[in-house]
Amino acid sequence: MEITTLIYSLSLSWLRLAIGMVISILLAIFIGIFAGINKKAERVIIPIVDILQSIPILGFFPVAVFFFVSFVPYLGVEMAAIFLIITSELWNFIFAVYESVRSIPSYIIEQAQLSNMSFFDKMTKIYIPSAWPRIIDNIPISWAIGLFFLSSSEIISLGTTSYQLLGIGSMTIQLFNSGDYQD
């Protein structure tokens, strides 16, 4: 196996993981803050997220692949792989943001209300800064979870059709299946 193919495959896999990580963090910031500041939303969002985190990536697999491949023909397989990576990383971040927002002392929230801070100011000066350390703490574990599911997200089957994205996960499976343990 050529070193350039290996580097290119690794780069594509890292890119998928990085895109999934960024999207997961952005979604978690909005979902976690919304659940943390709104009691009604909390009663709906947190149980749903708790249930969704217990569903393995392979539970989302058939629906995600069908949806993305059907509606976005050329990029659908890539989008499905990134979506599957997001589903492995997102829940960890949502709970981190939610818990951070819920642990903000009440006097800070009261002071923000008395100061007539806008929602944008509260987001940028209170909620996101309080959640950021937990997000940073959760990046390594979320990256590891994404790596764990990388092979599953790069080799995609939909019925009798099989898609194999170029990446380190699919390359590892391909080498393993061919019995090539030296490369």
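Residues numbered from 1 in each chain as written. Predicted model: local features only at pLDDT ≥ 70, side-chain atom pairs only at ≥ 80, totals over all residues. Heavy atoms only, no water.

Enquirer: Describe helix H4 (residues 76-102), listing the residues and the values that go with them.
Expert: With 27 residues, H4 should reach 39 Å at 1.5 Å per residue; the first-to-last C-alpha distance of 37 Å fits that figure. Taking the largest bend as the criterion, H4 deviates by roughly 40°, centred on Glu 89. In terms of residue burial, H4 counts as a mostly covered element, since 21 of its 27 residues are buried. (Helix = DSSP H or I, 4+ residues; strand = E, 2+ residues; numbered from the N terminus. Expected span 1.5 Å × (residues − 1). Bend = angle between axes of the 7 residues up to and from the residue. Buried < 20%, exposed > 50% of the residue type's maximum accessible area, 1.4 Å probe, protein only.)

Enquirer: Before we move on, can you summarise the pattern of salt bridges with the specific residues and values?
Expert: Taken as a whole and judged by the stated rule, the model has 3 salt bridges. Among the salt bridges present, the one from Glu 42 reaches Arg 102, with a minimum N-O distance of 3.7 Å. Of the two residues, Glu 42 sits in helix H2 (residues 39-54) while Arg 102 sits in helix H4, which places them 60 residues apart along the sequence. The shortest N-O distance in the salt bridge between Glu 99 and Arg 134 comes to 2.8 Å. You can see Glu 99 sitting in helix H4 and its partner Arg 134 sitting in helix H6 (residues 119-148), a full 35 residues away along the chain. Owing to a relative accessible area of 31%, Arg 134 belongs among the partly exposed residues under this scheme. (Salt bridge = Lys/Arg side-chain N within 4 Å of Asp/Glu carboxyl O.)

Enquirer: Explain the packing of aromatic side chains to me, and be specific about the residues and the numbers.
Expert: Under the defined criterion, the tally for this structure stands at 5 aromatic pairs. Residues Phe 67 and Phe 68 carry aromatic rings whose centres are separated by 5.2 Å and whose planes lie at 80° to one another, so their mutual orientation is edge-to-face. Taking relative accessible area as the criterion, Phe 68 reaches 13% and is therefore assigned buried. In textbook terms, an aromatic cluster arises when at least three aromatic residues are bridged by ring pairs, as seen for Phe 67, Phe 68, Phe 71 and Phe 83. (Phe/Tyr/Trp six-rings, centres within 6.5 Å; stacked < 30°, edge-to-face > 60°.)

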